[in-house]
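Descriptive analysis of the structure
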Amino acid sequence: MIEIISGITLLPEAKAILSANPSVNYFQDEKLDPITIDKMEIAPWGASNNLPQEILDLIFVSDVLGANLRFNRDVCYGLGPKLVRVERNEKGKVVDYVEMESGKEYDFFERNDIAMFLLEQLTDMVTFHNAFAEMIPSGSKNEIYSLRSKEAAFSRWAVMDKNGQINTHYYSAKWHDSPGKGDITASRVIDEFNAMADVTAKVALNKKRMIYPVYMPSPSRPYYSRPEWHSLFESGWYDHSV
């Protein structure tokens with residue numbers, strides 16, 4: 001294989017020339033100006049702020065790619081989560097795991113369908129390396145009542161503050177269609193480096209919605225991670241597989 005010029009490669013043994021034109025230019029979304037909607041400064045995800053949907057459109061027309069992503073998710077999920085109580089002996093050593101079928105923890109597990117929550121989070125992690133977990137406190141008690149998975153495709157971060165902290169998560173199904181203020185839901189972001197204290201403080205302040213960021217780190221990408229397998233698009237090989 002001999003590269004003639006960028007994107008054009010000579011394959012002598014096959015007596016062919018390969019032209020690779022990537023479907024998506026990822027380098028466009030690293031240094032973009034923020035989008036301002038009614039004083040909300042939003043960090044765009046992709047040049048058109050619609051990169052997740054563009055990726056999904058490409059996945060859905062490739063049977064091989066879709067099957068591979070499902071396999072990766074299913075391997076991570078295994079048989080799903082199970083709520084257990086850890087039993088220890090008098091020396092503190094774990095001796096057994098007993099499945100729980102009642103109690104406050106069991107009620108929370110069932111009320112929030114943790115099995116589905118985990119499946120949704122893993123699907124977004126495998127596809128985008130970003131997932132967004134929403135916590136909703138109880139209106140009468142100082143505790144988290146609901147746990148929901150907010151779709152990554154509809155999630156965007158606010159621009160970082162002067163301390164490099166992301167404080168707000170924006171959610172909308174209309175990023176592709178110039179959403180207005182009424183189309184966007186804002187939630188406070190939990191400080192991942194001091195999560196317990198931050199959640200306690202936000203619940204005490206009666207914050208109705210909180211988002212915990214879940215992601216696989218990507219070098220030089222402060223807002224949205226980029227899965228390694230996305231190089232399939234950047235290299236141009238995807239265009240020759242469908």
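Below or above, wherever it landed, is the structure these notes cover. In this numbering scheme, every chain counts its residues from 1 along its sequence in written order. This being a predicted model, a pLDDT of at least 70 is required before a residue's local features are given, and a value of 80 or more before pairs of side-chain atoms are given or counted; all residues contribute to the totals for chains, interfaces and linings. Hydrogen atoms and water are omitted, and side-chain values are computed over all heavy atoms in the structure.

**Overview of the side chain of Asp198**
By secondary structure assignment, the location of Asp198 is in helix 5 (residues 195–204). Apart from residues no more than four positions distant in its own chain, Asp198 is found in contact with Val189, Ile190 and Asp191. Secondary structure is summarised from DSSP: a helix means a run of H or I of at least four residues, a strand means a run of E of at least two, and numbering begins at the N terminus for each. Residue contacts are defined here by distance: any two heavy atoms, one from each residue, within 4.5 Å place the two residues in contact.

**Some thoughts on the environment of Lys181**
You can see Lys181 is positioned in the loop between strand 11 (168–171) and strand 12 (185–189). Along the sequence, Lys181 and Lys39 sit 142 residues apart, while their C-alpha atoms lie 9.3 Å from each other. Filtering out sequence-adjacent residues up to four positions away, Lys181 remains in contact with Ile37, Asp38 and Met40.

**Here we look at the side chain of Ser187**
Position of Ser187 among the secondary structure elements: in strand 12. When sequence neighbours within four positions are dropped, the list of residues in contact with Ser187 reads Glu134, Asn167, Thr168, His169, Arg209 and Ile211.

**So, the pairing of strand 7 (residues 94–99)**
Paired strands, as defined in this entry, are two strands with at least two bridges between them according to DSSP. The pairing of strand 6 (residues 84–88) with strand 7 spans five bridges and is classified as antiparallel. Across the sheet, the residue bridging to Arg85 is Val98, located in strand 7. The turn joining strand 6 and strand 7, which pair antiparallel and follow one another in sequence, is formed by five residues; a positive phi near 85 degrees is taken by Gly92.

**Concerning the nonpolar core**
With 19 residues, the main nonpolar core has Trp45, Ile55, Leu65, Trp157 and Phe233 as its most contacted residues. Secondary structure elements with two or more residues in this core: helix 1 (51–60), helix 2 (63–77) and helix 4 (114–128). A total of four residues in this core trace back to one element, the largest contributor, which is helix 1. The set of buried Ala, Val, Leu, Ile, Met, Phe, Trp, Tyr and Cys residues whose side-chain atoms join them within 4.5 Å is what this entry labels a nonpolar core. Three exposure classes are used, based on accessible area relative to the maximum for each residue type with a 1.4 Å probe and protein chains only: buried under 20%, partly exposed in between, and exposed over 50%. Residues Leu83, Ala133, Val199 and Met210 belong to the second largest nonpolar core, which totals twelve residues.

**Here's the deal with the packing of helix 2 against helix 4**
Helix axes use the C-alpha atoms of the stretch in contact, all axes being lines fitted to C-alpha atoms, and the angles between their N-to-C directions lie in the range 0 to 180 degrees. Interhelical geometry of helix 2 versus helix 4 gives an angle of 135 degrees and a closest axis separation of 9 Å. Classified by the interaxial angle, the pair formed by helix 2 and helix 4 is oblique. The interaxial crossing formed by helix 2 with helix 4 has right-handed handedness. Here helix 2 contributes Leu69, Asn72, Arg73, Cys76 and Tyr77 to the contact with helix 4, which in turn contributes Ala115, Leu118, Leu119, Leu122, Thr123 and Val126. Here the residues of the contact of helix 2 with helix 4 are counted per class, giving eight nonpolar, two polar and one charged. Here the word oblique covers every angle except those under 35 degrees (roughly parallel), over 145 (roughly antiparallel) and from 65 to 115 (roughly perpendicular). For any pair of crossing helices, the crossing counts as left-handed if the nearer helix is rotated counterclockwise from the farther one by less than a right angle, and right-handed if it is rotated clockwise. Residue polarity is assigned by list, with Asp, Glu, Lys and Arg as charged and Ala, Val, Leu, Ile, Met, Phe, Trp, Tyr, Cys and Pro as nonpolar; anything else, Gly included, falls into the polar class.

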